[in-house]
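These are the residues of each chain, in order.
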Amino acid sequence: MGTGSKNYTPPDWLTAEFLQDVLKEYFKDDTLEVQDMTLREAAVTSSAEGGKEKVSGFASEMHRAVLQLKRSNTLSKFSVIIKVHPKGLTGVLAHKSKLFKREIMTYKEIIPRIEELLNGINDRTKFAPACYYTTETPEPFLILEDMNLEGYENFEKRRLLNLEYVMLTVRKLAKLHACSVIVATENSRIMEIFKEPPISRHPDRKDFLEFFPVNIRCVAEETSHWPGYEKITEKMFKLSENVIEKAVEMYENQVKRFRVFNVADLWIDNLMFRINTETQEPDDVMLLDYQLCYYGSPAVDLNYLLYGSVNENVRKMHLKYIVREYHHILKETLEKLNYNGFIPSLKDISIDMIRNSLQGVIAATCLTPIIFMEKEGYENLEYLISLNEQGSQIRRENVENPKCRTFLQRTIKEFELSGFLDF
């Protein structure tokens, strides 16, 4: 066994023998042998970045095991991703927020049933990597399929999604949402763990929630230097003071309306795309990271994606078209599954997105600056919520980035003109 870095130390339990047992059980193949293994920090590759890799995982330790497998006397290269509960402050926040409990539940119960439902109507859509193994003790971790082996890669770093990538994502999202309605109808208790929203009054969420006001305040401080944004700046400072209260109200108002299983962390870093080698266009997408999943309005995922990870010019020109396509697939899938309950109209979805517009404001002001982040090595919750000078400096550098500034100037003005900053 080897490691890919001098400064890298894998978990003690992550051995070739352990992974061999896991894969034998998953593939039901007693001939399977792990003959060699190299461990390294998990990274994803973007061809647009010239094959450059980056470590990914804001609330997890990510490892990649590259294996030489022997199966039925045939040698082959194989790899898996190991997602481990983090240490330090990030680990404390992850534990209090039940991030791994949600994700393990999603991989064990939600995704298998959703894919089973679609298989029943001859739809082979796959939403996430295969999950080879999960446990919550002695420390939570998941062993997942390495989607790089299947040709999936992340979108180009420091750029926002264009139309082709967005349409792939919302079509798959609509199927996920539609099937989750059936799952919840079959067994309402399965959604219990997902009823607590990402922003809530639960005392265990207190430290995690600091992420939202400190980032909105940072954006307000930046807009205070922009001529013509005086009223917007005033509204942004006010929002930074009451964003938690207003978000809690938003989520509480969703309870009696049409609800679905939301990824609730649907942004560009949690998507992997497969590029068609002939057309050089994306032909599939995988939805990653189910640690914040939430049973609520579909507007949670739609607003988070469309205002946090989509190029602002694409959204401005095609928003109604994108939402219409989402609704078409949602309705079509529910009808194919013979769902007899309430199916929202396109107008209902559009109104719900306005009603839950704060989700889009949060995505644009708290999330998008991270997408444009120039510094490497600060991709974890400790740096993103820290109130010390280092945390403040990282947030300032993010919003002062010229690409981020251009995005914010256009998007925040759009919010103000739409009334999304009026609380």
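A quick note: this is a predicted structure, and the numbers were derived from the prediction, not measured. (Residues numbered from 1 in each chain as written. Predicted model: local features only at pLDDT ≥ 70, side-chain atom pairs only at ≥ 80, totals over all residues. Heavy atoms only, no water.)

A. Inspection of the sheet that holds strand 9 (residues 152-153) at higher detail. Strand order across the open sheet formed by three strands is 9-11-12, with antiparallel pairing between neighbours. On the outer flanks of this sheet lie strand 9 and strand 12 (282-287), each paired with one strand and no other. Taken together, the two bridges between strand 9 and strand 11 (residues 271-275) define a ladder with antiparallel strand orientation. Paired with Glu 153 across the strands is Phe 273, a residue of strand 11. Of the strands in this sheet, strand 11 and strand 12 touch helix 4 (residues 163-186), which is tilted by about 50° from strand 12. (Pairing = 2+ DSSP bridges. Helix = DSSP H or I, 4+ residues; strand = E, 2+ residues; numbered from the N terminus. Contact = heavy atoms within 4.5 Å. Axes fitted to C-alpha atoms, helices over the stretch in contact; angles between N-to-C directions.)

B. Structural view of the UniProt feature "domain: CHK kinase-like" (unreviewed entry) in the chain. In the numbering adopted here, UniProt assigns the feature "domain: CHK kinase-like" (unreviewed entry) to residues 142-336. In this annotation, residues 142-336 is assigned 51% helix and 12% strand; the end-to-end C-alpha distance for the span is 33 Å. (UniProt positions renumbered as here; feature names shortened; annotations may be inferred.)

C. Region of interest: unusual backbone geometry. Residues Thr 137 and Pro 138 are joined by a peptide bond in cis, for which omega reads -5°. Looking at where Pro 138 falls in the secondary structure, it is placed in the loop between strand 7 (131-135) and strand 8 (141-145). The residue Lys 28 is not glycine, and still its phi comes out positive at about 50°. With respect to the helices and strands, Lys 28 occurs in the loop between helix 1 (16-27) and strand 2 (33-41). A relative accessible area of 64% places Lys 28 in the exposed class. Phi angles above zero are rare outside glycine, and Asp 289 is one such case at about 70°. Note that Asp 289 resides in the loop between strand 12 and strand 13 (294-296). (Buried < 20%, exposed > 50% of the residue type's maximum accessible area, 1.4 Å probe, protein only.)

D. Up close: the pairing of strand 11. Direction of pairing for strand 11 relative to strand 12: antiparallel, over a ladder of five bridges. Residue pairing in the sheet places Phe 273 in a bridge with Val 285 of strand 12. What sits between the antiparallel neighbours strand 11 and strand 12 is a turn of six residues, in which Gln 280 has the positive phi angle 60°.

E. Quick look at the confidence of the model for the chain. For the chain, mean pLDDT is 92; residues scoring 70 or higher make up 92% of the total. Here residues 50-55 is a poorly scored stretch, pLDDT under 50, and it has 17 contacts once near neighbours within four places are set aside; other chains count. (pLDDT = per-residue confidence, 0-100.)

F. Just the state of the cysteines, in detail. Considering all chains together, one arrives at zero disulfides under this definition. Counting only cysteine sulfurs, Cys 293 is the nearest neighbor of Cys 131, a cysteine outside any disulfide, at a range of 13 Å. In this structure Cys 404 is a free cysteine whose sulfur lies 9.0 Å from that of Cys 218, the closest cysteine sulfur available. Since its relative accessible area comes to 0%, Cys 404 is described here as buried. (Disulfide = S-S within 2.5 Å.)

G. Representation of the packing of helix 6 (residues 211-223) against helix 13 (residues 389-400) within the structure. Relative to each other, helix 6 and helix 13 sit at 50°, their axes nearing to 10 Å. When the interaxial angle is binned, helix 6 and helix 13 end up oblique. At the point where helix 6 passes helix 13, the crossing takes the right-handed sense. The residues of helix 13 that touch helix 6, namely those facing Val 214, Asn 215, Cys 218, Val 219 and Glu 222, are Arg 395, Arg 396, Val 399 and Glu 400. Counted by class, the contact of helix 6 with helix 13 contains four nonpolar, one polar and four charged residues. (Parallel < 35°, antiparallel > 145°, perpendicular 65-115°, else oblique. Left-handed = near helix turned anticlockwise from the far one by under 90°. Nonpolar A, V, L, I, M, F, W, Y, C, P; charged D, E, K, R; others polar.)

H. Summary view of helix 1. With 12 residues, helix 1 ought to run about 16 Å at 1.5 Å a step, and its terminal C-alpha atoms sit 16 Å apart, in line with that. Every buried residue of helix 1 is listed here: Ala 16, Leu 19, Gln 20, Val 22 and Leu 23. Around the axis of helix 1, the buried residues are gathered within 165° of arc, so they sit on the same side. In helix 1, the exposed residues that point more than 90 degrees away from the buried face are Glu 17 and Glu 25. (Expected span 1.5 Å × (residues − 1). Arc of directions from axis to C-beta.)

I. Representation of the pattern of salt bridges in the model. Evaluation of the coordinates by the stated rule reveals 29 salt bridges. The salt bridge partner of Lys 126 is Glu 145, with a shortest N-O separation of 2.5 Å. Taken as a pair, Lys 126 in the loop between helix 3 (99-119) and strand 7 and Glu 145 in strand 8 lie far apart in primary sequence, 19 residues in all. One network of salt bridges, with partners in common, ties together Glu 61, Lys 87 and Glu 139. (Salt bridge = Lys/Arg side-chain N within 4 Å of Asp/Glu carboxyl O.)

J. View of the side chain of Asp 284. Assignment of secondary structure puts Asp 284 in strand 12. In terms of polar contacts, Asp 284 uses its side chain to reach the side chain of Tyr 152, at 2.5 Å. The contacts of Asp 284, once residues within four sequence positions are left out, are Tyr 152, Leu 168, Lys 172, Met 272, Phe 273 and Arg 274. (Polar contact = N/O pair within 3.5 Å; in protein donor to acceptor, adjacent residues only side chain to side chain.)

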